[in-house]
Amino acid sequence: TKKELRETYLTEQEPYIKPMIDMAQSATLHKGDVVFTGSYLLDLANDIASEGNIIVIDGDLTCIADETHWENRGDFSNDVILVTGDLFVRNLYLDEVGYVIVLGNVHAQNILVAYGDNGGALQIGKDLEADVVIATTYFMVGVEGDVHVEHIFGDSTYASDFVDEERVI
């Protein structure tokens, strides 16, 4: 249940995502590592709820599709994905409202985080490793560990939140 996921996995993150959790209608737990072949992260939910979803992967998440993103949704939703291990992804595109929290490392070829009215966030507990990161207005990226990125493009106000401003193009 949403209450069990909240108590077991989301307590530490709750101050940041409490409104999202409160509004979420669906809760899904995947125990162990997940190899995901789809393109839409919300397909990891048992039921895709219109008001928001909580998805917890208790392990690593490996996305093998060329593109991985939320899904084409008609309305804003309040979606939270928590990966307790590492995230491996080719091309990750996150926009609008939603939070992806990875307690481990993120390994990506390309990451694009883009504008949304209320923003969104990609929070990384350890290191970020990617070829290219594009970070635009109103989407926050937080990296607790080291940033190993070849090219960083974006609004320096936001991109510089996770890397020194002189590294932002």
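Above this text sits the structure in question.
Summary of the structure given here. (Residues numbered from 1 in each chain as written. Predicted model: local features only at pLDDT ≥ 70, side-chain atom pairs only at ≥ 80, totals over all residues. Heavy atoms only, no water.)

Side note on the overall build of the protein chain
Argument step 1. Helix and strand counts for the protein chain stand at three helices and 13 strands.
Argument step 2. For the protein chain, buried positions account for 49% of its 169 residues.
Argument step 3. Of all intrachain contacts in the protein chain linking residues separated by at least 6 positions in sequence, the fraction that spans at least 24 positions is 40%.
Argument step 4. Of the roughly 8,300 Å² that the protein chain leaves accessible, carbon and sulfur atoms contribute 45%. (Helix = DSSP H or I, 4+ residues; strand = E, 2+ residues; numbered from the N terminus. Buried < 20%, exposed > 50% of the residue type's maximum accessible area, 1.4 Å probe, protein only. Contact = heavy atoms within 4.5 Å. Areas by Shrake-Rupley, 256 points an atom, 1.4 Å probe, with all protein chains shown as cover.)

Quick word on the sheet that holds strand β1 (residues 26-31)
Argument step 1. As summarised here, the arrangement of the six strands in space is β1-β3-β6-β8-β10-β12, forming an open sheet in which the pairing is parallel. The outermost strands of the open sheet, each flanked by one partner alone, are β1 and β12 (139-143). Looking at each pair of strands side by side, their axes are set apart by 5° on average, direction ignored.
Argument step 2. The sheet strands contacting helix α2 (residues 14-23) are β3 (53-58), β6 (80-83) and β8 (99-102), and the helix crosses β8 at an angle near 130°. (Pairing = 2+ DSSP bridges. Axes fitted to C-alpha atoms, helices over the stretch in contact; angles between N-to-C directions.)

Concerning the pattern of salt bridges
Argument step 1. As enumerated under the stated definition, the model contains five salt bridges in all.
Argument step 2. Residue K18 pairs with D22 through a salt bridge whose shortest N-O separation is 2.7 Å. You can see K18 and its partner D22 sitting in helix α2, four residues apart, about one turn around the helix.
Argument step 3. Since its relative accessible area comes to 39%, K18 is described here as partly exposed.
Argument step 4. Judged by relative accessible area, D22 falls into the partly exposed class, the value being 39%.
Argument step 5. When salt bridges that share partners are traced, they join R6, E14, K18 and D22 into one network. (Salt bridge = Lys/Arg side-chain N within 4 Å of Asp/Glu carboxyl O.)

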